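In case you want the letters, here they are:
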Amino acid sequence: MSDLGFEKAAKALAHARRVAVFSGAGISAESGIPTFRSAGGLWENFQLEDVATPEGFHRNPALVWEFYEARRKAVHHASPNPGHFAIARMAGLFEEMTTITQNVDGLHQRAGSPAVLELHGSLWSARCAQDCGAVVDPFPFPAASCPPRCKCGALLRPGVVWFGEMLPERIWHDAMNASAQSDVVLVVGTSGAVWPAAGIPIAARREGAFVIEVNPEESELTSNLDLSLRGLSGEILPRLLDAATELRALRPATEKRG
Ligand code: OAD
Ligand code: ZN
């Protein structure tokens, strides 16, 4: 990571009033939660079509629930890492701060981030797979049976968004608005491979946000963003916040009011 890039990012944050974070699986990697597309990631070991589509669930609900119970177990035993905690700390530093995540693990919330916008749902909710309308939230771990059943007798399904499904409309709308109104957007730990989610930082930049990536590797979004900090989010984010806070403390009082 170049010092120049880091300083530029810290300066942008120090001057920002509205900030959004857009996170992906990489933010939870240092908590021991596997990502999807890295070597050894989930999509190397499972067929996405089998465990993350409505058709896969229809074919074999028990297999799908085994996959999600295993993920729920891993997260249940994991803890938020310094990257999650740095993002939670940001809520107190800016006039407006929105955390938008593609993750379903709930680790941002466990770190203390308020009002997280979960674009892809949550491992900690379930709903009726038929149309009785039942939602179980929170859906406690472990499930009572595998596959678990709804009170109407039908199967329950995980409260996550699968491939081929729509994102929750309200959350999508709020995420697009918050990021478009932001001065700075931090894109943390995502490959940017999954749409429409990946469109959020791109749309925000079009609206004038300064968009900073935090990722040890280049992503599909890199060339469309303003600045990339190469490294682990659990190491970079706490340092970046400290630097921004320090710079802000040095700013003249008149500017602070602005
Ligand atoms: P991916 O697995 O596609 O990408 C993870 C990203 O995190 C990669 O770019 C890594 O380089 C980066 N990374 C790894 N370790 C990191 C660390 N310590 N700090 C920062 N970055 C790190 O995961 P997502 O982009 O989240 O969707 O994937 C997007 C969507 O694809 C997921 O929400 C899920 C998946 O299929 C659904 O299930 C609908
Ligand atoms: Zn039901």
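Colleague: A description of the packing of helix 1 (residues 3-15) against helix 10 (residues 233-250) should follow, citing residues and the corresponding values.
Modeller: For the pair helix 1 and helix 10, the least separation of the axes is 8 Å and the interaxial angle reads 60 degrees. As judged from the angle between their axes, helix 1 and helix 10 are oblique. The handedness of the crossing between helix 1 and helix 10 comes out as right-handed. Contacts between helix 1 and helix 10 pair Phe6, Ala9, Ala10, Lys11, Leu13 and Ala14 from the former with Ile236, Arg239, Leu240, Ala243, Ala244, Leu247 and Arg248 from the latter. Looking at the contact of helix 1 with helix 10 residue by residue, the class counts come to 10 nonpolar, no polar and 3 charged.

Colleague: I'd like a rundown of the domain arrangement of the chain, residues and numbers included.
Modeller: By the assigned domains, the chain splits into domain 1 (1-32 + 80-120 + 167-258) and domain 2 (34-77 + 121-160). Across the contact, 16 residues belong to domain 1 and 13 residues belong to domain 2. Sorting the residues of domain 1 by area buried against domain 2 places Ala25, Val104 and Asp105 first, and these three jointly supply 43% of that buried surface. Run the count over domain 1 and domain 2 and you get 4 residue pairs in polar contact (both at pLDDT 80 or more).

Colleague: Pulling in residues and values, what's your account of helix 5 (residues 61-76)?
Modeller: Taking 1.5 Å of rise per residue, the 16 residues of helix 5 would be expected to cover 22 Å, and the 22 Å separating its terminal C-alpha atoms lies within 8% of that figure. Those residues of helix 5 that sit buried are Pro61, Val64, Trp65, Phe67, Tyr68, Glu69, Arg71, Arg72 and Val75. On its buried side, helix 5 packs onto helix 2 (42-45), helix 3 (48-51), helix 4 (54-59), helix 7 (107-111), strand 4 (121-128) and strand 6 (156-160).

Colleague: Tell me about unusual backbone geometry, residues and numbers included.
Modeller: Phi is mostly negative for residues that are not glycine, and the peptide bonds are mostly trans. With omega at 5 degrees, the peptide bond leading from aspartate 137 into proline 138 counts as cis. By the secondary structure assignment, proline 138 is in the loop between strand 5 (135-136) and strand 6. Cis geometry marks the peptide bond from phenylalanine 141 to proline 142, where omega comes out at -5 degrees. Structurally, the position occupied by proline 142 is in the loop between strand 5 and strand 6. Despite not being glycine, alanine 115 shows a phi value in the positive range, around 45 degrees. Assignment of secondary structure puts alanine 115 in the loop between helix 7 and strand 3 (117-118).

Colleague: Describe the coordination of the zinc ion (ligand 2), listing the residues and the values that go with them.
Modeller: Octahedral six-donor coordination of a metal ideally yields angles of 90 or 180 degrees, compared with 109.5 degrees for tetrahedral four-donor coordination. Every protein donor of the zinc ion (ligand 2) is accounted for by Cys128 (SG), Cys132 (SG), Cys150 (SG) and Cys152 (SG), and the metal-donor separations fall at 2.3 Å. For the zinc ion (ligand 2), the 4 donor atoms in the first shell make angles of 104 to 117 degrees at the metal, a pattern classed as tetrahedral. Coordination of the zinc ion (ligand 2) draws on donor residues from a single chain, spaced C-x3-C-x17-C-x1-C in sequence.

Colleague: How would you summarise the sheet that holds strand 5 if you had to cite specific residues and measurements?
Modeller: Judged by pairing direction, the sheet is antiparallel, and its 3 strands sit side by side in the order 5-4-6 without closing on themselves. The sheet is open, and its two borders are formed by strand 5 and strand 6, each paired with just one other strand. Where strand 4 and strand 6 come together, 4 bridges link them in antiparallel fashion. Residue cysteine 128 lies in a different strand from strand 6, and its bridge partner there is leucine 156. Where helix 5 meets the sheet, it contacts strand 4 and strand 6, and its direction lies at approximately 140 degrees from that of strand 4.

Colleague: Can you explain the packing of helix 8 (residues 169-180) against helix 9 (residues 199-206)? Please cite residues and give values.
Modeller: Where helix 8 meets helix 9, the closest approach of the two axes is 8 Å, and the angle between their N-to-C directions is 40 degrees. In the packing of helix 8 onto helix 9, the handedness of the crossing is right-handed. Contact residues: helix 8 offers Trp172, Ala175, Met176, Ser179 and Ala180, while helix 9 offers Ile200, Ala203 and Ala204. Classifying every residue of the contact of helix 8 with helix 9 by side-chain character gives 7 nonpolar, 1 polar and no charged.

Scoring rules and cut-offs
Residues numbered from 1 in each chain as written. Chains lettered and ligands numbered in written order. Predicted model: local features only at pLDDT ≥ 70, side-chain atom pairs only at ≥ 80, totals over all residues. Heavy atoms only, no water. Axes fitted to C-alpha atoms, helices over the stretch in contact; angles between N-to-C directions. Helix = DSSP H or I, 4+ residues; strand = E, 2+ residues; numbered from the N terminus. Parallel < 35°, antiparallel > 145°, perpendicular 65-115°, else oblique. Left-handed = near helix turned anticlockwise from the far one by under 90°. Contact = heavy atoms within 4.5 Å. Nonpolar A, V, L, I, M, F, W, Y, C, P; charged D, E, K, R; others polar. Domains from an automatic or database assignment. Buried area = accessible area lost by both parts, 1.4 Å probe. Polar contact = N/O pair within 3.5 Å; in protein donor to acceptor, adjacent residues only side chain to side chain. Expected span 1.5 Å × (residues − 1). Buried < 20%, exposed > 50% of the residue type's maximum accessible area, 1.4 Å probe, protein only. Donors = N, O, S within 2.8 Å, 3.2 Å for Na, K, Ca; no water. Tetrahedral: all angles 85-135°; square planar, octahedral: opposite > 155°, others 65-115°. Pairing = 2+ DSSP bridges.

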